[in-house]
Amino acid sequence: MTVPREMPEKWPRVPEPGRAEEERRVRANAREYNEKFQYANNCIKTSKYNILTFLPVNLFEQFQEVANTYFLFLLILQLIPQISSLSWFTTIVPLVLVLTITAVKDATDDYFRHKSDNQVNNRQSQVLIGGVLRQEQWMNVRVGDIIKLENNQFVAADLLLLSSSEPHGLCYIETAELDGETNMKVRQAIPVTSELGDISKLALFDGEVICEPPNNKLDKFGGTLYWKDNKYPLSNQNMLLRGCVLRNTEWCFGLVVFAGPDTKLMQNSGRTKFKRTSIDRLMNTLVLWIFGFLVCMGVILAIGNAIWEHEVGVCFQIYLPWDEGVHSAFFSGFLSFWSYIIILNTVVPISLYVSVEVIRLGHSYFINWDKKMYCAKRRTPAEARTTTLNEELGQVEYIFSDKTGTLTQNIMVFSKCSVNGHSYGDMQDVLGHKVELGERPEPVDFSFNPLADPGFQFWDPSLLEAVKLGDPHVHEFFRLLSLCHTVMSEEKSEGELYYKAQSPDEGALVTAARNFGFVFRSRTPKTITVQELGQAITYQLLAILDFNNIRKRMSVIVRNPQGKIRLYCKGADTILLERLHPLNQDLTNITTDHLNEYAGEGLRTLVLAYKDLEECYYQEWAERLQRASGAPEAREDRLARLYDEVEHDMMLLGATAIEDKLQQGVPETIAILTLANIKIWVLTGDKQETAVNIGYSCKMLTDDMTEVFVVTGHTVLEVREELRKAREKMMDGSRSMGNGFSYQEKLSSSKLTSVLEAIAGEYALVINGHSLAHALEADMEVEFLETACACKAVICCRVTPLQKAQVVELVKKYKKAVTLAIGDGANDVSMIKTAHIGVGISGQEGIQAVLASDYSFSQFKFLQRLLLVHGRWSYLRMCKFLCYFFYKNFAFTMVHFWFGFFCGFSAQTVYDQYFITLYNIVYTSLPVLAMGVFDQDVPEQRSMEYPKLYEPGQLNLLFNKREFFICIAQGIYTSVLMFFIPYGVFADATRDDGAQLADYQSFAVTVATSLVIVVSVQIGLDTGFWTAINHFFIWGSLAAYFAILFTMHSDGLFQMFPNQFRFVGNAQNTLAQPTVWLTITLTTVVCIMPVVAFRFLKLDLKPELSDTVRYTQLVRKKQKTQHRCMRRVGRVGSHRSGYAFSHQEGFGELIMSGKNMRLSSLALSSFAPRPSTSWIETLRKKKGSEGSAASSPSAVPDKTLKDGQRAKWPGRCPQQPLRLLLCQYSPCRSKSPIPRECIMPEPPLGAR
């Protein structure tokens, strides 16, 4: 190969070890040359282990967990005979069990990763080696190889496209796995290599590519090809990235530039940040506290041992000599300390962590198996992609949602249009009034057009009549829609057209033109064929002025068969209206009114215009365009200036209005989640008007709101001033309503729960992307967040993916609230990964969001069930599990502490070592697991009906530091009774034969039996939802205890293991004594009765909302079901429309480069305005101060219904359903669970 003089020589031939690659140098068909650079091969590895490294690496990772290290430390202590009073197996059995379960889980996960890696690495690819195509596995492909791809094959590595079966080196790819977009994209080989379609020519190709080093930028590539003394610039349009699929192209050849881990796909597959729940973080803190408590108990008992040995033990050295090596009472106390650390370590049993993971796994399966979250249309079930965040679903306070594809269907429908000042799309009656949707007749009949799309519907026949009558403006309107686009057409059979559009908007517009008789049939690089009212007309395509986000418009220049040159343009109203000829002023005013009308209905709009060009002007302009297209520098700027020049003084044709339909159930879901005190923020890349209109459609924004603040400032000062004015208006409104309070302009970030969040009235905030960029700066982010959090709804428009993540991070940083992000596209991935919980919608934009999410399903409405049912139940179950677990283990362990004062602090255990080993593994493990997996407080239907049931999770009421100390206190109380009642009875008790009852083993059996019975009765009281599994586990565990107890004291085990099971018949003899059973009964009653009495009084005097709901269901069964009266609520007003044009830049340029473009809800109107405060707001106000949110397990309401007072509901009939009343009023201070006047029957949800 001849290297041109311009070729730089600064790149090192062989990279230095440890030095990052600065630029890449690849020579085609030269493996030996490329191997000097030590580039990565094409083998990918996502697995973590192999057969040799699994055991050491996995154990090393597991012992990174503090709990595992702690128990390993205890095991080592137990191996020291001087301090161990328990056998080593009491710790090693549960430790090995935990390590084994975790190792099996990790091995299974890694096995599937190995399987996936092998499947990918063993895919076959055709590689050009020695002038011959050979089948090679992907793992054997090397940088510099030339490979052949065929239609529908995955791209094996990042390739420089050399040639293809299509004219001019074009090929079509699908990038859904790469960026989540399902629309077709076009790539093109550079002209100098596009003719290398023959294998013999490719075998002689020795070009060298010098380009950027490996990076994760999917949309950018920069490099240069040096070949035959020339250099050719390379861009992303010349690259095929790994993960893409070749479509509609018979074959293509590419040069491998990046392979394996260096490909952009693998560079983007970084590890997802590990997420932990708030309960996990609290548990870590509590475990440290418990360990401190354990040390304190060990110190107390060690001091007691030292004192006892010094005062009493020295007198019995003849009978009780010190162990070998112990020469003083102090050293004896030191050894006793470690002995008690071993004995008392069960306050934090290792089985706790195993049980938590099992419960979370069960909750995940419930989500996966939920048929009510299964989408039959797409055959997509809900999926819990993680098992660590289930209970956090019950604590969400902020939801950050994408708009397009998440709230909407991302399916565009041509709804209305304005042509020459006349609006089409609304049906009118004889009086000229608009007809409601439900009263519309049959849609327009397009049977006259054999090429019409049968799925297209339009409701205004006057537009079709105008087409048939030959209205020139209407004809020109649809002619523009059929010509000005980048849609690909494929005719699978005669008359069966299939359009492939870059955006749903374009597809909807071209389909509309098709149905009204202007059918786009096909295109070539220089022509477009349109069938106009049955007559095929071919237009010469002279230029495509492509779309981008700055221009916000696209144009085509065509020559009709008569030789007339015309420019057709469509784009955003704000851009096109200022480029019209002054003669259009009157028509512009009328069209603007139509645009405002369409905007009021939440439609996305485009303005259409045209311009006739003189032949001489066009020729001169085209020459300048050609020079600008070939310019090596500032090419985009030159083209933009030329485009801007020709797109002036255009004539207005009209406007289109496209509906992006809401997903089913979105308004209802948002309303229900709002009643659950969840704040929903919409973060979208769409235009402000579009997002606002969707906000009204889905009832986030309502006309009853006090005010909607719009922040559009372009500078820091403007944004700060607009935010300040918004806060002042909110405060002024509150003062006028009698809520006077003082306001500090500057509030510390640690006290963001300010007076603003207690304002009266409902507000909303809308902010643009350029304003948000300033609002997120360090000196203004607190002001922005405080203003936004005081609003009921927040909509951020024109935001980038990075800004979405920054907004989520801002709320996480200052509000200390659980956040959830939901989206469906690749642009939502950063937001999904940043939030505490990420939810992916498996919709129209690929699976990138799903792959990055923690949970996924197909429709936004399923979020209501995910949070209010699965999330709330998971939180409830986990909290009840933890409370009971800590209770039963403190009750179990603290008996050793009290026994220490009666055994000379000698570290003697009350129970035998087998009971200690089996207590948390067999006797008490399954009942608490059953409760943690299956328990419910109210049925799923009631969880959906009463959103306020969700708020205790947000306030963290069910498990917090206060609840933890209550459980510990109950456990200690139980341990005191468990020890001292049998101790007091045994002091003077005798057997039936008059012999002394008291002995160590009899006492141990009595205490152990009392403990198992008490904790079993306690979990029976804690269980709110009984299943056959609960019964089997609770009573089965009791039966297992007695079976194992009698077995261990049997003659058979003694004969086999005489040194281990010495107390033959002790259990049988002890439990045969009536005194023992009376003692067990007395202990059980005294331990359980205070709990029963407390819960009874609490239920009667201070019931929680869940108690009220359960009581209500009993009342409902006795009353006649009545149906609720419903009324429709409409919205009046107009808001500026959105811009319905969202495809990408670059398509038009490829069309014009001389290539053959062959490509064979329902509105929620039943919810009336509600008061601005609710019964639980008192608790919410407390949440700002640390610890006060957890001051009580239930809430004291700030609104009550007095006896004889009938519930009021603004604007509703007296038969208002009870579930909405309970959302606002709490009867918790009433003596009865719910006042009689408030009990209003309502049919179940299924009956509506």
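Residues numbered from 1 in each chain as written. Predicted model: local features only at pLDDT ≥ 70, side-chain atom pairs only at ≥ 80, totals over all residues. Heavy atoms only, no water.

Caption draft 1: Spatial organisation of the environment of Y598. Among the structural elements, Y598 can be located in helix α16 (residues 585-600). Given the relative accessible area of 0%, Y598 is considered buried. With 181 residues separating them in the primary sequence, Y598 and C417 have C-alpha atoms 8.8 Å apart. In this structure Y598 touches K416, C417, S418, S423, Y424, L603, T605 and A657, once residues within four positions along its chain are discounted. (Helix = DSSP H or I, 4+ residues; strand = E, 2+ residues; numbered from the N terminus. Buried < 20%, exposed > 50% of the residue type's maximum accessible area, 1.4 Å probe, protein only. Contact = heavy atoms within 4.5 Å.)

Caption draft 2: Examining the pattern of salt bridges more closely. Inspection of the entire model under this criterion finds 47 salt bridges. Between E476 and R479 there is a salt bridge; the shortest N-O distance is 2.5 Å. Here E476 and its partner R479 are both found in helix α13 (residues 472-483), 3 residues apart, which amounts to about one turn of the helix. Assigned by exposure class, E476 and R479 land together as buried. Among the salt bridges present, the one from E1104 reaches K1098, with a minimum N-O distance of 3.1 Å. A residue is classified by how much of its surface remains accessible, and E1104, at 22% relative accessible area, is partly exposed. Three or more residues are tied together by salt bridges with common partners; here these are E476, R479, E532, K564, R566 and D612. (Salt bridge = Lys/Arg side-chain N within 4 Å of Asp/Glu carboxyl O.)

Caption draft 3: Seen up close, the pairing of strand β19 (residues 496-500). Going residue by residue along β19, you find L497 and Y499 tucked away on one face and E496, Y498 and K500 left uncovered on the opposite face. Two elements, strand β18 (residues 488-493) and β19, share 5 bridges in a ladder whose sense is antiparallel. Directly across from M488, in β19, lies its bridge partner K500. Two successive antiparallel strands, β18 and β19, enclose a turn made up of 2 residues, where G495 displays a positive phi of approximately 85 degrees. (Pairing = 2+ DSSP bridges.)

Caption draft 4: Highlighting the packing of aromatic side chains. Taken as a whole, this structure holds 60 aromatic pairs when the rule is applied. Here F857 and F862 contribute two aromatic rings whose centre-to-centre distance is 6.1 Å and whose plane-to-plane angle is 85 degrees, an arrangement assigned as edge-to-face. Among the residues examined, F857 registers a relative accessible area of 1% and is labelled buried. For the pair F881 and F885, a centre-to-centre distance of 5.2 Å together with 50 degrees between the ring planes defines the contact as tilted. Of this pair, F881 and F885 both sit in helix α27 (residues 862-900), separated by 4 residues, roughly a single helical turn. Take F881 and F885: they sit in the same class, and that class is buried. Site record: aromatic cluster; members linked through ring pairs are F897, W898, F899, F901, F902, F905, F979, F980, Y983, F986 and F1003. Here R24 stacks its cationic end above the ring of Y39, 3.9 Å away from the centre of that ring. If you follow R123 out to its NZ or CZ, it ends over the ring of F154, 4.7 Å from the centre. (Phe/Tyr/Trp six-rings, centres within 6.5 Å; stacked < 30°, edge-to-face > 60°. Lys NZ or Arg CZ within 6 Å of the ring centre and 35° of its normal.)

Caption draft 5: Local environment of unusual backbone geometry. Of note in the backbone geometry, K816 takes a positive phi value of approximately 55 degrees without being a glycine. Positive phi values are uncommon outside glycine, yet A907 reaches one of about 65 degrees. Considering the arrangement of structural elements, one finds A907 in the loop between α27 and α28 (913-923).

Caption draft 6: Main features of the sheet that holds strand β8 (residues 208-211). Here 4 strands make up an open sheet; going across it, the order is β1-β8-β9-β10 and the pairing antiparallel. Every interior strand has two partners, whereas the edge strands, β1 (24-27) and β10 (230-234), have only one. Direction aside, the axes of adjacent strands within the sheet are offset by 20 degrees on average. Two elements, β1 and β8, share 4 bridges in a ladder whose sense is antiparallel. Note that in β8 the partner of R27 across the bridge is E208. (Axes fitted to C-alpha atoms, helices over the stretch in contact; angles between N-to-C directions.)

Caption draft 7: Layout of the side chain of S332. You can see S332 is positioned in helix α10 (residues 329-343). With near-sequence residues (within four places) excluded, S332 lies in contact with N305, E309 and V326.

Caption draft 8: Layout of a nonpolar patch on the surface. A surface patch of nonpolar side chains, about 460 Å² in accessible area, is lined by I300, F901, F902, F980 and Y983. For I300, the position within the fold is in helix α9 (residues 278-311). What makes I300 partly exposed here is its relative accessible area of 44%. (Patch = residues over 30% accessible without salt bridge, like charges linked within 9 Å, V, L, I, M, F, W, Y side chains within 5 Å. Areas by Shrake-Rupley, 256 points an atom, 1.4 Å probe, with all protein chains shown as cover.)

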